[in-house]
Protein chains: 2
Amino acid sequence: MQPFTDTARLSLNQMTTELWSLREAVEGCARQGIPAIGLWRHKIAEAGLTESSRLVRDAGLRVSSVCRGGMFPASTARERQARIDDNCRAVDEAAALGADTLVLVCGASPDCDIDGARRMVRDGISQVVLYARGSNVRIGVEPLHPMFAAERSVIVTLAEANEIAEEYTPAEVGVVVDVYHLWWDPQVYVEIKRAAGRILGFHVSDWIVPVPDMLMGRGMMGDGVIELRRLREAVDEAGYDGFIEVEIFNRAICNMPGEETLKLMQARYLSCV
Amino acid sequence: MQPFTDTARLSLNQMTTELWSLREAVEGCARQGIPAIGLWRHKIAEAGLTESSRLVRDAGLRVSSVCRGGMFPASTARERQARIDDNCRAVDEAAALGADTLVLVCGASPDCDIDGARRMVRDGISQVVLYARGSNVRIGVEPLHPMFAAERSVIVTLAEANEIAEEYTPAEVGVVVDVYHLWWDPQVYVEIKRAAGRILGFHVSDWIVPVPDMLMGRGMMGDGVIELRRLREAVDEAGYDGFIEVEIFNRAICNMPGEETLKLMQARYLSCV
């Protein structure tokens, strides 16, 4: 297994430098020679969509993904429709930014039984796919770690995400592989192979021991137990040649000066991914 | 789905009343009419094995399980052997207490790759099974929630536990179904059916939202999102008619007076399980 010799596929997911505005993150990437960025919608909203597009274009960056659509389960039909409408706006934003993937965090609801919530996810996706037809935006279903099943995503394995994606063409729906969410799964390598041709994103971070916080406790690559290179090579063998987003939700890393975070993640990307 | 009308199958897992000694827990169950108890080895060691057996027998209680064996992965062969030896002692303790099941928390190690750790688990189990032959103690493989994959158990799905168990006869190895560890799994009902004839224990608690703590944040039945009755009925339909252990790792519940905890868990068992 060979390390990368350059950072041509590296992308900064904005959550890694959460204190930076969109402008600061874009400028940081440009200065640091990071070729792509994964944008979050609350940051796009803060800067404005037109201005966000202009900033990214002027900096010569690619937008590796827009995060996030999804969050389909809700207890009333009215609320579910509102969420589908919001997903359609997210498709428009991704298109305006030249991103080819909208990442879905599918959602969960303590008010519904888990099977019901899973049906709402499938129903929501089918409607967003209809809306996205004719745009160049694909829907990337991202399974989340099972510890988020009650609050963020009832889609918790790559098998489930593949099953949903396979109901559509690869030009419409694919999957996003995030090592933090999937490393524990005894089926992960089988399911990465199954996802060949449908992998729309690959996210890296690490699982540190002990986990300092369920939501904000991800580690920098190399600081934990995840077999990063093995997973990256599996994704590559499945034909993925797109950007590799560093997405780290971590309070301490958030609070580092952004430039330092970028340098550290470049170094760790080369040594660990 | 019908609620229970009595507590004939209820068992107190000692971790639920962690501040109680073995004697206090046994006396509490006897006073409260709880017919069984799941014992932990550090509590047995504290009271002494002979005294523990006497206390349980004199109180007329059944021992629904002994927790826990396992913890097989380690970085040196010497340490792995020491852990297997310790599992053999646990088999002897279970036999002395008249428990027919030793529960395994299989272990994890940040020093090994996850496949390597899984091989160590299988190897360790094979040796403990050899040792347990001729005793009346069966080995119960308990898959833990994937959030414990780096520190406590690389066996994280019921599918994996079933696969291991199926290498042996049902008189030797089975599985333990704990709702807290498995409720998120889209395959859980399929795998419960597959486990028919091999289910050696059923543990209940709840997943509260938000989770207050990864290790010590389980909830009392009814306080969270787990479909307890649906899971219990699935286990019953698979032929399980053994004890149902209430196993709650929770700081606030630990700190309640034990008698109150027992009354609350009896009420919730009847209304929610």
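Scroll up to find the structure.
Just so it is clear, the structure is predicted and the values come from calculations on it, not from any experiment. (Residues numbered from 1 in each chain as written. Chains lettered and ligands numbered in written order. Predicted model: local features only at pLDDT ≥ 70, side-chain atom pairs only at ≥ 80, totals over all residues.)

Can you walk me through the packing of helix α4 (residues 77-96) of chain B against helix α5 (residues 114-132) of chain B in this structure?
Packed helices, taken two at a time, are described by their axes: the angle between them and the distance between them. Residues and elements named next belong to chain B. Where α4 meets α5, the axes come as close as 10 Å, and the angle between the chain directions of the two elements is 40 degrees. In terms of axis orientation, α4 runs oblique to α5. Seen along the crossing, α4 lies across α5 with a hand that is right-handed. Residue-level inspection shows R80, R83, I84, N87, C88 and V91 of α4 in contact with α5, the latter providing M120, G124, Q127, V128, Y131 and A132. (Axes fitted to C-alpha atoms, helices over the stretch in contact; angles between N-to-C directions. Helix = DSSP H or I, 4+ residues; strand = E, 2+ residues; numbered from the N terminus. Parallel < 35°, antiparallel > 145°, perpendicular 65-115°, else oblique. Left-handed = near helix turned anticlockwise from the far one by under 90°. Contact = placed C-beta atoms within 7 Å.)

Help me out: how do you make sense of the relation of the copies chain A and chain B in this one?
What relates the pair of chain copies is a rotation about an axis plus a shift along that axis. Of the transformation superimposing chain A on chain B, the axial component is 0.0 Å and the angular component is 180 degrees, with the fit at an RMSD of 0.0 Å. Within this description, the copies of the chain are treated as partners about a two-fold rotation axis. Comparing interface residues between copies, 100% of those in chain A also lie at the interface in chain B; the contact surface is shared. (Least-squares fit on C-alpha atoms with pLDDT ≥ 70 in both.)

I tried to follow the interface of chain A and chain B on my own but got confused; where do I start?
It is common to give the size of an interface as the accessible area lost on bringing the parts into contact. In this assembly, 20 residues from chain A lie in contact with 20 residues from chain B. Residues that form the side of chain A that touches chain B fall into these classes: 14 nonpolar, 2 polar and 4 charged. (Nonpolar A, V, L, I, M, F, W, Y, C, P; charged D, E, K, R; others polar.)

Help me understand the sheet that holds strand β4 (residues 101-105) of chain B in this model?
Within a beta sheet, neighbouring strands are joined by backbone hydrogen bonds and run either parallel or antiparallel to one another. All names here are of chain B. Within the closed barrel, the 8 strands sit side by side as β1-β2-β3-β4-β5-β6-β7-β8. Their pairing is parallel. Shown here is a sheet whose adjacent strand axes are inclined to one another by a mean of 30 degrees, direction ignored. Here 4 bridges tie strand β3 (residues 62-70) to β4, and the two strands are oriented parallel to one another. Residue pairing for β4: G70 is matched across the bridge by V105. With respect to the sheet, α5 is in contact with β3, β5 (138-141) and β6 (173-178), its orientation differing from that of β5 by roughly 155 degrees. (Pairing = 2+ DSSP bridges.)

What's the story with the pairing of β3 of chain B in this structure? I'm lost.
Along any regular strand, the residues point their side chains to alternate faces of the sheet. Residue and element names in this part refer to chain B. The buried fraction of β3 amounts to 8 of the 9 residues, a majority that puts the element mostly inside the structure. By the bridge criterion, 5 bridges tie strand β2 (residues 36-40) to β3 in an arrangement that is parallel. The partner of A36 across the bridge, within β3, is R62. As for the winding sense of the linkage, the β-α-β connection from β3 through α4 to β4 is right-handed. (Buried ≥ 20, exposed ≤ 12 C-beta atoms within 10 Å, placed from the backbone. Right-handed = clockwise from strand over helix to strand, strands pointing away.)

Explain the sheet that holds strand β3 (residues 62-70) of chain A to me, please; I cannot follow it from the model alone.
All names here are of chain A. Strands sit in the order β1-β2-β3-β4-β5-β6-β7-β10 around a closed barrel of 8 strands; the barrel is parallel. Strand after strand, the sheet turns through a mean of 30 degrees between neighbouring axes, direction not considered. Bridge analysis of strand β1 (residues 10-13) against strand β2 (residues 36-40) gives 3 bridges, and the strand direction is parallel. What sits directly across from N13, in β2, is G38. Across the sheet, helix α5 (residues 114-132) is in contact with β3, β5 (138-141) and β6 (173-178); its angle to β5 comes to roughly 155 degrees.

Help me out: how do you make sense of the packing of helix α1 (residues 22-32) of chain B against helix α3 (residues 49-58) of chain B in this one?
All names here are of chain B. Here α1 crosses α3 at 10 degrees, and the two axes come no closer than 10 Å. Classified by the interaxial angle, the pair formed by α1 and α3 is roughly parallel. Residues L22, R23 and V26 of α1 touch α3, and the partners they reach there are S52, L55 and V56. When its residues are assigned to classes, the contact of α1 with α3 shows 4 nonpolar, 1 polar and 1 charged.

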